[in-house]
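Residue strings, one per chain:
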Amino acid sequence: MKHSWEYILDEHRGTLFTGYWPTIVDLLLISEKSFGERNAFTAFTPERNTLSYSEVLAHVQRVGSALFDAGVAKGDRVLINGKNSPAWAIAYLATLWAGAIVVPLDNQMPPDRVDALA
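A quick note: this is a predicted structure, and the numbers were derived from the prediction, not measured.

Thresholds, definitions, all that
Residues numbered from 1 in each chain as written. Predicted model: local features only at pLDDT ≥ 70, side-chain atom pairs only at ≥ 80, totals over all residues. Heavy atoms only, no water. Patch = residues over 30% accessible without salt bridge, like charges linked within 9 Å, V, L, I, M, F, W, Y side chains within 5 Å. Areas by Shrake-Rupley, 256 points an atom, 1.4 Å probe, with all protein chains shown as cover. Salt bridge = Lys/Arg side-chain N within 4 Å of Asp/Glu carboxyl O. Helix = DSSP H or I, 4+ residues; strand = E, 2+ residues; numbered from the N terminus. Core = buried A, V, L, I, M, F, W, Y, C linked by side-chain atoms within 4.5 Å. Buried < 20%, exposed > 50% of the residue type's maximum accessible area, 1.4 Å probe, protein only. Expected span 1.5 Å × (residues − 1). Contact = heavy atoms within 4.5 Å. Axes fitted to C-alpha atoms, helices over the stretch in contact; angles between N-to-C directions. Parallel < 35°, antiparallel > 145°, perpendicular 65-115°, else oblique. Left-handed = near helix turned anticlockwise from the far one by under 90°. Nonpolar A, V, L, I, M, F, W, Y, C, P; charged D, E, K, R; others polar.

(A) Layout of a nonpolar patch on the surface. Judged by side-chain polarity, W5, Y20 and W21 come together as a nonpolar surface patch covering roughly 390 Å² of accessible area. Take W21: it is sitting in the loop between α1 (4-12) and α2 (24-35).

This is the structure we're talking about:
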């Protein structure tokens, strides 16, 4: 018996992704195609701000293209350090979109330790 998510994957296999399992970027494309105008991220500081899957994908493509234009290449490592937020998630997804490797750092890490890792 198939799980409900398998039907969604089967619908997009061969068009939005190849192979058995999609990548995280593939899952974003599938989510946008399937649920484009539904809420993807919501932040409540200072006011409620919600982004749809279509809006998230547009931000990810824009930031990912900016990373690429700045010289980030496939396989490069990109450090991400910040508070949990839609912006952090967009940075994470945009780094993957650009083909780079995400290196997430703990936001509570002391600055000297962050500098040592960078």
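(B) Structural detail: unusual backbone geometry. Of note, the bond from T45 into P46 is cis; its omega dihedral lies within 30 degrees of zero at -15 degrees. Looking at the secondary structure, you find P46 in the loop between β1 (39-43) and β2 (49-52).

(C) Inspection of the nonpolar core at higher detail. Within the largest apolar cluster, eight residues are counted, these being L28, L51, V56, L57, V60, I90, L93 and A94. Elements that contribute at least two residues to this core include exactly α3 (53-69) and α4 (86-97).

(D) Structural context of α4. For α4, built from 12 residues, the straight-helix expectation of 16 Å at 1.5 Å per residue is met to within 8% by its first-to-last C-alpha distance of 16 Å. Along α4, the residues classified as buried are P86, A89, I90, L93, A94 and T95. Against α2, β1, β2, α3, β3 (77-81) and β4 (101-105) lie the buried residues of α4. Once α4 finishes, G99 follows within two positions and takes phi at roughly 90 degrees, a positive value.

(E) Highlighting α2. Under the 1.5 Å per step criterion, the end-to-end length of α2 is 16 Å for 12 residues, consistent within 8% with the ideal 16 Å. Listed in full, the buried residues belonging to α2 are V25, D26, L28, I30 and S31. Tucked into the core, α2 has its buried residues touching α1, α3 and α4.

(F) Structural detail: the packing of α2 against α4. Close contact between α2 and α4 brings their axes to 9 Å; oriented N to C, the two are set at 110 degrees. Considering the angle they form, α2 stands roughly perpendicular to α4. The hand of the α2/α4 crossing is left-handed. When α2 is examined against α4, the residues I24, V25, L28 and L29 are found in contact with a partner set consisting of Y92, L93, L96 and W97. Each residue belonging to the contact of α2 with α4 can be placed in one class, and the counts come to eight nonpolar, no polar and no charged.

(G) A look at the side chain of T95. Positionally, T95 belongs in helix α4. Take T95: its relative accessible area is 2%, and that puts it in the buried class. Non-local contacts of T95, meaning those with residues more than four positions away in its chain, are made with L67, V78, I80, A100, I101 and V102.

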